[in-house]
Amino acid sequence: MASNEHIVTSFDDELNGLAQKIAEMGGIAEQQVGDSVAALSRRDEALAQRVISSDKRMDQLQREIEDDATHMIARRQPMAQDLREIVAAIHIANDLERVGDLAKNTAKRVFAIEGNFAAQRLVGGVEHISEMSLAQLKHILDAYTSRDLDSALAVWKRDDEIDAMYTSLFRELLTYMMEDPRNITFCTHLLFCAKNIERIGDHATNIAETIHYLVTGIPLTDERPKKDESSVTTVEYSDADD
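Calculation rules
Residues numbered from 1 in each chain as written. Predicted model: local features only at pLDDT ≥ 70, side-chain atom pairs only at ≥ 80, totals over all residues. Heavy atoms only, no water. Salt bridge = Lys/Arg side-chain N within 4 Å of Asp/Glu carboxyl O. Helix = DSSP H or I, 4+ residues; strand = E, 2+ residues; numbered from the N terminus. Buried < 20%, exposed > 50% of the residue type's maximum accessible area, 1.4 Å probe, protein only. Contact = heavy atoms within 4.5 Å. Phe/Tyr/Trp six-rings, centres within 6.5 Å; stacked < 30°, edge-to-face > 60°. Lys NZ or Arg CZ within 6 Å of the ring centre and 35° of its normal.

K.L.:
Would you take a moment to explain the pattern of salt bridges for this structure?
P.N.:
Here the idea is simple: oppositely charged side chains can pair when their charged atoms come close. For the coordinates displayed, the defined rule picks out 13 salt bridges. Residue arginine 42 pairs with aspartate 44 through a salt bridge whose shortest N-O separation is 3.7 Å. Across the pair lysine 104 and aspartate 55 runs a salt bridge, and its minimum N-O distance is 3.2 Å. In this pair, lysine 104 sits in helix H3 (residues 80-112) while aspartate 55 sits in helix H2 (residues 45-76), placing the two residues 49 residues apart along the sequence. The same class applies to lysine 104 and to aspartate 55, which are both buried. Counted as one network, the salt bridges with shared partners bring together Asp55, Arg98, Asp101 and Lys104.

Structure below.
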């Protein structure tokens, strides 16, 4: 009996180790996203470089989680809930690593943009999307920690709000470029940054789906709400140009 208790305790410790690394990745991801947009807004190259440098730790943690999870499966041969815990950690680590990459790519734009901002107010649109995506990310990480299915589903359902805001900003930036060709380079950089941040919201909804499977054992098969109409907008403007 003592031996079995030791095995159970050891396995629980290993699961806790995965959760702690997920928590560290989540904290770094939140910091990266916030700092990357702040660096863009202020043209702060030093802050942008810190975002880029911090991505190495994210990559390291993601590899460690995958390695730990693989070894746990091989040694423990877990089933049911225990197996879902391990698989969920792998999936969430992958999503958080991608969030870090998207924040890093946004930070790199700080070095690519030259000259003065043509319209600082447009950066405010990127900041607003960032605030929404960060809120989604924080809520979903809290939901994972507490295994709160209702909170996870609330995040999943709110993804369309970020999509709608991205589409609105996309159209505004496109209009700004058409009005004055001198704005094209600057606005193009902002479009890439805004898309990066919109995709961060998508990764938060991916994590929500992982939590649903973790808690219920059933995949979330409903169609995800989407309101990103930027591809439609592109076609509309293309047809108008013809």
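K.L.:
Sorry, what's going on with the environment of leucine 18 here?
P.N.:
Turning to its location among the elements, leucine 18 is positioned in helix H1 (residues 2-42). Sequence-wise, leucine 18 and alanine 69 are 51 residues apart; in three dimensions their C-alpha atoms are separated by 7.8 Å. Once residues within four sequence positions are removed from consideration, leucine 18 is found in contact with Ile65, Asp68, Ala69, Met72, Ile86 and Ala89.

K.L.:
Just to check I follow, could you spell out the packing of aromatic side chains for this structure?
P.N.:
Given two aromatic rings, one states the distance between the centres and the angle between the planes to describe the pair. For the structure on display, the rule yields one aromatic pair. Ring geometry for tyrosine 166 versus phenylalanine 170: centroids 6.1 Å apart, planes at 50°, classification tilted. Of the two residues, tyrosine 166 and phenylalanine 170 are both situated in helix H6 (residues 159-179); the distance of four residues between them amounts to about one turn of the helix. Side by side, tyrosine 166 and phenylalanine 170 carry an identical accessibility label, which is buried. Lying across the ring of tyrosine 144, arginine 147 places its NZ or CZ 4.4 Å from the centre.

That's the geometry; what it means functionally is another story.
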